[in-house]
Structures are given as C-alpha cells and as structure tokens.
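Residue-level structural notes
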Amino acid sequence: MTTENLNTEKEPINDDIQMANQQAASMMVSHMRLDEVLAGQLNGVVVDTEDAAMSLIMRGRKLSDDTHALLKHLESSTGKIVGAEQSSDQVSQDYKALFTLVTEHNASLAAEIAEMLGQIQFQDVVRQRIERIEQAVNKRNALFQAFVEKVDDLDPSLQTLPDKMQDVLNEYLELENRHAASINDESTVKIELF
Amino acid sequence: MAKTIFVVDDSATILMSVKNNLEIAGYTVHSATDGVLALEKLKSGLKPDLIITDINMPNMNGLELIQQLRTLPNFRFTPILILTTENQQSSRDQAKKLGATGWLVKPVGGSDLLKIIKQVLPGA
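Residues numbered from 1 in each chain as written. Chains lettered and ligands numbered in written order. Predicted model: local features only at pLDDT ≥ 70, side-chain atom pairs only at ≥ 80, totals over all residues. Heavy atoms only, no water.

**Topic: the overall build of chain B**
- Across its full length, chain B carries 5 helices and 5 strands.
- Seen in sequence order, chain B has helices and strands lined up from the N terminus as β-α-β-α-β-α-β-α-β-α.
- A total of 124 residues make up chain B; the buried ones form 55% of that total.
- When contacts within chain B are restricted to residue pairs at least 6 apart in sequence, long-range pairs at least 24 apart make up 64% of them.
- Of the roughly 5,200 Å² of accessible surface on chain B, a fraction of 51% belongs to carbon and sulfur atoms. (Helix = DSSP H or I, 4+ residues; strand = E, 2+ residues; numbered from the N terminus. Buried < 20%, exposed > 50% of the residue type's maximum accessible area, 1.4 Å probe, protein only. Contact = heavy atoms within 4.5 Å. Areas by Shrake-Rupley, 256 points an atom, 1.4 Å probe, with all protein chains shown as cover.)

**Re unusual backbone geometry**
- Omega for the bond connecting Lys 106 of chain B with Pro 107 of chain B falls within 30 degrees of zero, at -5 degrees, which places this linkage in the cis form.
- Of note, Pro 107 of chain B is situated in the loop between strand S5 (102–105) and helix H5 (110–120).

**With respect to the interface of chain B and chain A**
- At the junction of the two partners, chain B supplies 36 residues and chain A supplies 25 residues.
- Both sides together, the interface formed by chain B and chain A hides about 2,800 Å², and carbon and sulfur atoms give 58% of it.
- Per-residue buried area on chain B facing chain A is highest for Thr 85, Arg 92 and Pro 107 of chain B; these three make up 20% of the total on that side.
- In this structure, the connection of chain B to chain A is made through 1 salt bridge.
- Between Glu 192 of chain A and Arg 92 of chain B there is a salt bridge; the shortest N-O distance is 2.9 Å. (Buried area = accessible area lost by both parts, 1.4 Å probe. Salt bridge = Lys/Arg side-chain N within 4 Å of Asp/Glu carboxyl O.)

**Considerations on the packing of helix H2 (residues 88–120) of chain A against helix H1 (residues 12–24) of chain B**
- Direction vectors running N to C along H2 of chain A and H1 of chain B enclose 160 degrees, while the axes themselves pass 8 Å from each other. Considering their axes alone, H2 of chain A and H1 of chain B lie roughly antiparallel with respect to each other. Crossing hand, H2 of chain A versus H1 of chain B: left-handed. Along the contact surface, H2 of chain A presents Ala 110, Ile 113, Ala 114, Leu 117, Gly 118 and Ile 120 of chain A, while H1 of chain B presents Thr 13, Met 16, Ser 17, Asn 20, Asn 21 and Ile 24 of chain B. (Axes fitted to C-alpha atoms, helices over the stretch in contact; angles between N-to-C directions. Parallel < 35°, antiparallel > 145°, perpendicular 65-115°, else oblique. Left-handed = near helix turned anticlockwise from the far one by under 90°.)

**Details of the sheet that holds strand S1 (residues 4–8) of chain B**
- A sheet is described by the order of its strands in space; here 6 strands give the open sequence S1(A)-S5(B)-S4(B)-S3(B)-S1(B)-S2(B), paired in mixed fashion. Here the strands that pair on one side only, and so sit at the sheet edges, are strand S1 (191–193) of chain A together with strand S2 (28–32) of chain B. This sheet shows a mean twist of 20 degrees between the axes of neighbouring strands, independent of strand direction.
- Note: strand S3 (residues 50–53) of chain B against strand S4 (residues 80–84) of chain B, 3 bridges, orientation parallel. Pairing of Ile 51 of chain B across the sheet is with Ile 80 of chain B, part of S4 of chain B.
- Contacts from helix H4 (residues 89–98) of chain B reach S1 of chain A together with S4 and S5 of chain B, with the element oriented near 145 degrees to S5 of chain B.
- Running over the sheet, H5 of chain B touches S1 of chain A together with S1, S3, S4 and S5 of chain B and is turned about 5 degrees from S1 of chain A. (Pairing = 2+ DSSP bridges.)

**Brief notes about the layout of surface pockets**
- Estimated volume of the second largest pocket: approximately 210 Å³.
- In terms of lining, the second largest pocket is formed by 13 residues, of which the most central are Gln 128, Glu 131, Arg 132 and Gln 135 of chain A together with Asn 56 of chain B.
- It is helix H3 (residues 122–150) of chain A that contributes the most residues to the lining of the second largest pocket, 5 residues altogether.
- When grouped by side-chain class, the residues that make up the lining of the second largest pocket number 3 nonpolar, 4 polar and 6 charged. (1 Å grid on protein atoms, 1.4 Å probe; cavity = no way out; pocket = protein on both sides within 12 Å on 5 of 7 lines; lining within 4 Å. Points joined across faces, edges and corners; volume = space filled by probe spheres on them. Nonpolar A, V, L, I, M, F, W, Y, C, P; charged D, E, K, R; others polar.)

**Here we look at the nonpolar core**
Residues and elements named next belong to chain B.
- With 22 residues, the main nonpolar core has Phe 6, Val 8, Ile 51, Leu 65, Leu 69 and Ile 82 as its most contacted residues.
- Counting residues per element, the ones that place at least two in this core are S1, helix H2 (35–43), helix H3 (62–69), S4, H4 and S5.
- When residues in this core are grouped by element, the largest group, 4 residues, is from H3.
- Apart from the residues lying within four places of it in its own chain, the contact partners of Ile 82 are Thr 53, Ile 55, Leu 63, Ile 66, Ala 95, Ala 100, Gly 102, Trp 103 and Leu 104.
- Leu 22, Leu 113, Ile 116 and Leu 121 belong to the second largest nonpolar core, which has 20 residues in total. (Core = buried A, V, L, I, M, F, W, Y, C linked by side-chain atoms within 4.5 Å.)

Here it is as structure tokens:
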C-alpha cells in the first residue's frame, strides 16, 4: 500500500472517529441532564420522607405524653377522692369530671390516630415516585446498553440515541407532572367534590 | 345501622390506613386490590353506600371500574370517591365525566377523609 493510499483510507476513519466522539458527547450531555433531574427527584423524596417520619414521631410522642399526663391526673384524683371524707354528691361530681376528662382524651386520641393513619398513605406516594424513577433509569440503561453494543460498528442509528435519551427524560417529566409534586405541595387542590 | 364503604387500592398500606380510619369511625369496610376483583365482589351482591377507589391499579384501573359500575343499575348513583396520587386536571375531568363523585389526592388526613365522607353520605 502506498502513502497516498494510506492517506485516502485515513480520512473516512477520521470522520468515523469524529462522528463517534460527537455521539458520545451528545449522549453524555443527555445522560447528565437525566441524572440531574432524577437526582433532584430523589432528593425531594428524601426530604418528604424525613418530614413524614418526623411528623409521625411527633404525633406519637404527643399521644404518649398526653396519655401519661392523663394517667398521672387520674391517679392523683382517684387518691384524693378515696382519701377525703366527702359527701356522695361530691364523689359523684368528681367522678363525672374525671369521666369527661377521659372521654375528651379518648376523642383526641382517636383523632390523632386517624391523622397518623392518613399520613401512612405517604408510603404509597413515595413508592410510586420511586417506581417512576426506576422506570426512567431502566430505560436509560437500555439505551446505554444499545450504545455500547453498536459503538464499535459506528451504526448510523447511534445518532438517534441522544434524542431517545431526551425522550426518556420528557416522558418521565410528563408522568411526574401528572402527580402531586410533594406531600407539602400547597398548589395542589387535594380535595375536590364534583 | 353502620354505613358500608368499599375501598379499592392495590397498596396494602393504603388499604390498612383507610380501612382502620373508617372502622374506628364506625363504618363497615370491605376492600379489593384491583378493579377486576372489586367488580366481582360488587356484582356478587355487595351493595356499599360509598366506594373509594385508586386509579393506577393492575388488571383494571379505577377509571375503568367507575365506567363499568355506572352501567350497573345497582351502582348508577352510588357515590364514588377517587383517592390517588394523580393530580392532572384532564384526569379529574375524565373522572367527573365518567361519574365520579370527588377527587382526593394522597395522602389525605384521617379527619379530612371523614369530613368528605360525611358530605357525600348524608346521615353518616
């Protein structure tokens, strides 16, 4: 092979290398954009999870403190009623007052438990958000796999991969937009009767 | 007599959460984990006063379930609330068109849920 022949062969090879480099760069940009969005979403999930956990802990602690205070009060009141020499009317009134207190506490306990049960729904909200992120990552991985398999052949279909990566991101964002952005999202109309 | 509420959701957590909340409030609660199972139970004679359903479920989603139920004479006027993570106006419009009674975005606090139920079930 002559030097002239070699130079003629070199040009298309250089073009191919340049094309492959451009494709790789384009893929990297799309990949970074997708990763940035997914990382932001995961961060949102973490913040929401922490908020929900803290709220549940605080409610649980309040329930425990309230119940403890009530028990203390009952213990002391019962001691006073039994220890004092009182008329039966007075004893009856004291027990009525205690009964009212216990009833109020039970109502408040039931309301707190109802709120805590409502907050447990948060688990499902997070599960679905993570599932949507997982789906996007799986699609992204499939595109990368295709890229790795075809990159040596300089397959022309490689040129469409950055667009496909962008499609994965768009599809994910569209799906995510259909759902409430966060459990604390004030802009969401949470309850609507038709 | 206690009112009966039928809850449809594929999430065990949601079922547990809503079921316990409603039972503590004195309702009788039945449940199913997807639209197909819900339809089977409802066609077999169960006649709840209210149905609460999720949208995204396997086999049959909540919107399809509402569509099917509205064709059955027994469920033409039964109130149906949607309890979902979805928030898109177009989905709400579709649900309304299919005959849903209301739209609740998860998570819904226990007292809010009970308030809404009292609104759609007078005397409950």
